[in-house]
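# Geometric and topological summary
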Amino acid sequence: MVAKPAAPAAPAAKTLACTSCGASLTVRAPGHTVSVACSACGAVLDAQDPDFTVIAKYEQKTKIKPDIPLGSRGKLRNEMYEVIGFLVRRIKVEGVYYSWREFLLFNPYLGMRWLTEYAGHWVFAKAVSGRPQKNPDTTVTYLGATFRHFQTAMAEVAYVLGEFPWRAKVGETAEVSDYVDPPRVLSSEKTAEETTWSIGDHIEGAYLWEAFNLKGEPPVARGVGIAQPSPYEPQARPMRRMFWGFLGAAVLIQVVFSILAQGKLVFEQTFAFDRTRANAAVVTEPFELGGRRSNVQIDIRTDLSNNWAYFNLALINEQTGRALNFGRNVEYYFGRDSDGSWSEGAKWDRVYLPSIESGRYYLLIEPETGAAQFTYAVEVRRDVTRSSYLWYVLGLLVIPMLIFWYRKRSFEYKRWAESDHPMWSVSDMASDDDDDD
Amino acid sequence: MREVSCPSCGAAVKFVSRVSLLAVCGYCRATLIRRDLDVEQVGTMAELVADPTPLQLAAEGSYRGVHFAVVGRIQVQYDAGAWNEWFLVFDDGRPGWLGEAAGEYSVSFETPVKEPLPDWEKLEPDVDVTLNGVRYVVADVREARVVGGEGELPFLVAGGYEIYVADLRNATNQFATLDYSEDTPRVYVGEVVEFATLKLRGLRELPGW
Amino acid sequence: MMTKVYAVVGALVLSALGWAHFTGWAPTDVDEVKNVPKSIRDNPGSYRSAYGWARPYTGAK
């Protein structure tokens, strides 16, 4: 027969009458908590005193009902917790109070956890005993990750309900500092006696409402939560990779077609136009446009001087009789004035004809002009490289990247908007003026 | 493993670990010291305070892949509260400690340390201490009092013993305790652990959970 | 999902680039006219007998 170790009995949750007002009070984590606040009269009782002596009494003018009621149980990330305490804390920034809510969760095996809610964003946190390392650049390193300083402020307790592992008092203050590495946030609380650290994860209100089986909707989320993970961050590298991939492919396509392009000069002739001559229309000798269906570049070089010429052109397929009509305008003006010499237009013109089938072609050229006479040379080239297409493609590839960058940055801008380190907005970056705020 | 009869009440008392010096009889709370041939009663262990711990003797678990049994406990009290040090015996024979304080658990082992240790008077929070090349910061320094013990333990404890300990921590959740209670300080080195990773079985039944 | 949109946009843009180069596309506005008359006699107003060129008579007395 082996002696069974007689462990002292574990205290069970108990219900009792408030020593101050007699209302029913439940102590849910006996032995773990130090004080318990009565929801009816606002008195705070000593939870470790068998007589539950009143430690403090408050005039709780407004009764706040916690969104997750005390006593609610829910399974968060596969661990069951019960809500045993509720706090409202606030900071004052430039004369304005910003308050947030904290829920103390308890599991007798796993200990205590916290749910904090601000502007509809939730963080699931626990106290850690490890000592994060404060770096000289205001970041903090813990468990191999670096957290950026978000805010430091004096937090004041504005409302207490339920049980706490310390003597919770309305009006007690602590210097709270938050450091973020989304989706995690590392916080320190400094009082005269000690500094404690806690680490938290962003958690969705909808998940909590489901886990605690709550009716209604969680508080509406405003802006971006302190630890809210950016939906853009994980897409950044794939986007960059795609950009470089597409760019490389575009360059490759361009290079391949540049190499394959014939760029062959298939026709060249100079013509003289004279107004006095009756028939100015020109029909050229036929020329061969070979290879696969491709473009045709037609250059017209003139010696126009302070004048204009309009060319009615037709490229006609000798065999099929199909004709492509097009008109080109050439004008060149120049002179001197008070600012110096100036010029407008050009003496020459270039046009690209799209997708011309191979075959024998000739040109029909009918010029109209303001000049009495001028000469013009016509050059026809087959299958030339269009290098400008690559630049347009580059522009089209860059635009989504710019949109992505802008959205990613806007998200972070919203996250840091209420912090000690707000980001410059894009319009701030674009404008020149300095603001002293 | 050695089983003896309690000289006071005759109940069977086990010494699971070779390093255990002391055992508390589960029935009559006699404090028994192990001698070469038998055991000698040196007193009666003080009653422990009722506390809400889920752990109890005979619980088992696993740390870093090695199975252990919870064979003893020391309950300690100080001005800000109380904590438990659970004595563990691992399957590979090593003795270890599972510290349970404010809902946090840590596993540590008595370890010889290369560096000279600072004087007790010099220890205060935020002081840097290096042990075997690893840097720690003093997290807290406590003068505490033993409430009592149960099961088997590797040294003599009794209710009322004063202990002087300093907890060291760092940014990678490593943990160490410097125990200055005896003439030569003892050093225990380990880490903070998540309760779930210990895969504990044989825990106390907690009503409602 | 911007990555999916970008993948599609990129694929389209590259296809367009390849197609433009391959077919010799250009943004020029050209009028296509079919059946350009080969000579002045080949015009819509003139009558041509379906029976060949044997009879030169074309109408007037």
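None of the values given here were measured: they were computed from a predicted structure.

About the thresholds
Residues numbered from 1 in each chain as written. Chains lettered and ligands numbered in written order. Predicted model: local features only at pLDDT ≥ 70, side-chain atom pairs only at ≥ 80, totals over all residues. Helix = DSSP H or I, 4+ residues; strand = E, 2+ residues; numbered from the N terminus. Rg over C-alpha atoms; globule rule 2.2 N^0.38 Å. Buried ≥ 20, exposed ≤ 12 C-beta atoms within 10 Å, placed from the backbone. Contact = placed C-beta atoms within 7 Å. Pairing = 2+ DSSP bridges. Domains from an automatic or database assignment. Nonpolar A, V, L, I, M, F, W, Y, C, P; charged D, E, K, R; others polar. pLDDT = per-residue confidence, 0-100. Expected span 1.5 Å × (residues − 1). Axes fitted to C-alpha atoms, helices over the stretch in contact; angles between N-to-C directions. Parallel < 35°, antiparallel > 145°, perpendicular 65-115°, else oblique.

## Re the overall build of chain A
A count of helical and extended segments in chain A gives four helices and 26 strands. In summary, chain A has a C-alpha radius of gyration of 40 Å against a globular reference of 22 Å for 437 residues, an excess of more than 25%. On the principal axes, the C-alpha backbone points of chain A span a range of 125 × 70 × 45 Å. Put simply, chain A has 437 residues, and 29% of those count as buried. Sequence-distant contacts, at least 24 apart, represent 61% of the contacts inside chain A between residues at least 6 apart.

## Let's talk about the overall build of chain B
Along its length, chain B carries zero helices and 15 strands. For chain B, whose C-alpha radius of gyration is 17 Å, the value lies close to the compact-globule estimate of 17 Å for 209 residues. By its C-alpha atoms, chain B is 50 × 40 × 35 Å across when sized along the principal axes. Burial status across chain B gives 34% buried among its 209 residues. A sequence separation of at least 24 residues applies to 50% of the contacts in chain B between residues at least 6 apart.

## Let's talk about the pairing of strand S12 (residues 134-153) of chain B
Residues and elements named next belong to chain B. As defined by bridge partners, strand S3 (residues 22-24) adjoins S12 across two bridges and the pair is classed as antiparallel. Along S12, the bridge assignment pairs Ala23 with Glu152. Relative to S12, strand S7 (residues 66-78) runs antiparallel, the two sharing six bridges. Opposite Arg73, over in S12, you have Glu150 as the bridge partner. Where strand S11 (residues 128-131) folds back on S12, the antiparallel hairpin that results is connected by two residues, among which Asn132 adopts a positive phi of roughly 50°. Sheet analysis places S12 next to strand S13 (residues 162-169), joined by eight bridges and oriented antiparallel. Looking at the pairing, Val138 lines up with Leu168 of S13.

## Some remarks on unusual backbone geometry
As a rule of thumb, non-glycine residues mostly have phi less than zero, and peptide bonds are mostly trans rather than cis. A:Pro182 connects to A:Pro183 through a cis peptide bond whose omega is 5°. Position of A:Pro183 among the secondary structure elements: in the loop between strand S14 (173-181) and strand S15 (184-190). If you check the backbone angles, A:Ala119 has positive phi at about 50° while not being a glycine. The topology assignment puts A:Ala119 in the loop between strand S9 (111-118) and strand S10 (121-128). Phi is positive for B:Asp126, close to 80°, though the residue is something other than glycine. The exposed category is assigned to B:Asp126, around which 9 C-beta atoms lie within 10 Å.

## Concerning the domain arrangement of chain B
Residues and elements named next belong to chain B. Each assigned domain of chain B is listed here: domain 1 (2-44) and domain 2 (60-198). Relative placement of domain 1 and domain 2: their C-alpha centres are 24 Å apart. Listed by partner, the interface residues are eleven residues for domain 1 and 13 residues for domain 2. In terms of residues, the side of domain 1 that touches domain 2 owes the most to one element, S3, which gives three residues. Here the side of domain 1 that touches domain 2 is composed, by residue class, of seven nonpolar, four polar and no charged.

## As for the domain arrangement of chain A
For chain A, the domain assignment lists domain 1 (14-229), domain 2 (234-257 + 389-421) and domain 3 (262-384). Each of domain 2 of chain A and domain 3 of chain A was reduced to a C-alpha centroid, and the two centroids are 41 Å apart.

## Side note on the confidence of the model for chain B
Summary statistics for chain B give a mean pLDDT of 92 and a share of 100% for residues scoring 70 or more. Predicted complex, confidence summary: ipTM 0.84, pTM 0.81.

## Considering helix H2 (residues 233-260) of chain A
In a regular helix each residue adds 1.5 Å, so 28 residues correspond to 40 Å; H2(A) covers 41 Å between its end C-alpha atoms and thus fits that length. Considered for burial, the residues of H2(A) that qualify are A:Met242, A:Phe246, A:Ala250, A:Ile253, A:Gln254 and A:Phe257. Turning to H2(A), the residues buried within the fold contact helix H3 (388-416) of chain A together with helix H1 (2-23) of chain C.

## Quick notes on the sheet that holds strand S24 (residues 348-356) of chain A
Residues and elements named next belong to chain A. With antiparallel pairing, four strands are arranged side by side in an open sheet as S17-S26-S20-S24. The open sheet has two edge strands, strand S17 (264-274) and S24, and neither has a second partner. Shown here is a sheet whose adjacent strand axes are inclined to one another by a mean of 15°, direction ignored. When S17 meets strand S26 (residues 373-382), the two strands line up antiparallel, connected through ten bridges. Its bridge partner lying in S26, Gln269 is registered against Val378.

## As for the confidence of the model for chain A
Chain-level pLDDT for chain A is 89 on average; 94% of the residues reach the 70-or-more range. The low-confidence segment residues 1-6 of chain A, where pLDDT is below 50, has 17 contacts with residues more than four positions distant or belonging to other chains.

## With respect to H3(A)
Given a rise of 1.5 Å per residue, 29 residues ought to cover 42 Å, and the 42 Å separating the end C-alpha atoms of H3(A) matches this to within 8%. Every buried residue belonging to H3(A) is among A:Val393, A:Leu397, A:Pro400, A:Phe404 and A:Arg415, and all of these are buried. Lining the buried residues of H3(A) we find H2 of chain A together with H1 of chain C.

## What to know about the interface of chain C and chain A
Taken together, the 26 residues of chain C in the interface contact 32 residues of chain A. Of all the elements in the fold, those that place two or more residues in the side of chain C that touches chain A are H1 and strand S1 (31-33) of chain C. Of the residues forming the side of chain C that touches chain A, the biggest block, 14 residues, is contributed by H1(C). Tallied by class, residues from the side of chain C that touches chain A come to 14 nonpolar, eight polar and four charged.

## Details of the environment of A:Gly216
Checked against the element boundaries, A:Gly216 lands in the loop between helix H1 (205-211) and H2. Classification of A:Gly216 as exposed rests on a count of 7 C-beta atoms within 10 Å.

## Topic: the interface of chain A and chain B
With 30 residues of chain A in contact, the opposing surface of chain B contributes 35 residues. Of the residues contributing to the side of chain A that touches chain B, the split by class is 20 nonpolar, eight polar and two charged.

## Observations concerning the pairing of strand S21 (residues 307-317) of chain A
Residues and elements named next belong to chain A. Pairing of S21 with strand S22 (residues 323-337) involves ten bridges; the strand directions are antiparallel. If you follow Ile316 over to S22, its bridge partner there is Ala323. From the end of S21 to the start of S22, which pair antiparallel, there are five residues, and Gly321 there has a positive phi angle of about 75°. Of the pairings in the sheet, the one linking S21 to strand S25 (residues 359-369) comprises nine bridges and is antiparallel in character. Along S25, the bridge assignment pairs Ala309 with Thr369.

## Focus on the packing of H2(A) against H1(C)
At a closest axis distance of 10 Å, the pairing of H2(A) and H1(C) adopts a crossing angle of 5°. Comparing the axis directions of H2(A) and H1(C) gives the class roughly parallel. On the side of H2(A), the interface is formed by A:Gln235, A:Pro238, A:Met239, A:Met242, A:Phe246, A:Ala249, A:Ala250, A:Ile253 and A:Phe257, while H1(C) contributes C:Met2, C:Thr3, C:Tyr6, C:Ala7, C:Gly10, C:Leu14, C:Leu17, C:Gly18 and C:His21. Split by residue class, the contact of H2(A) with H1(C) holds 13 nonpolar, five polar and no charged.

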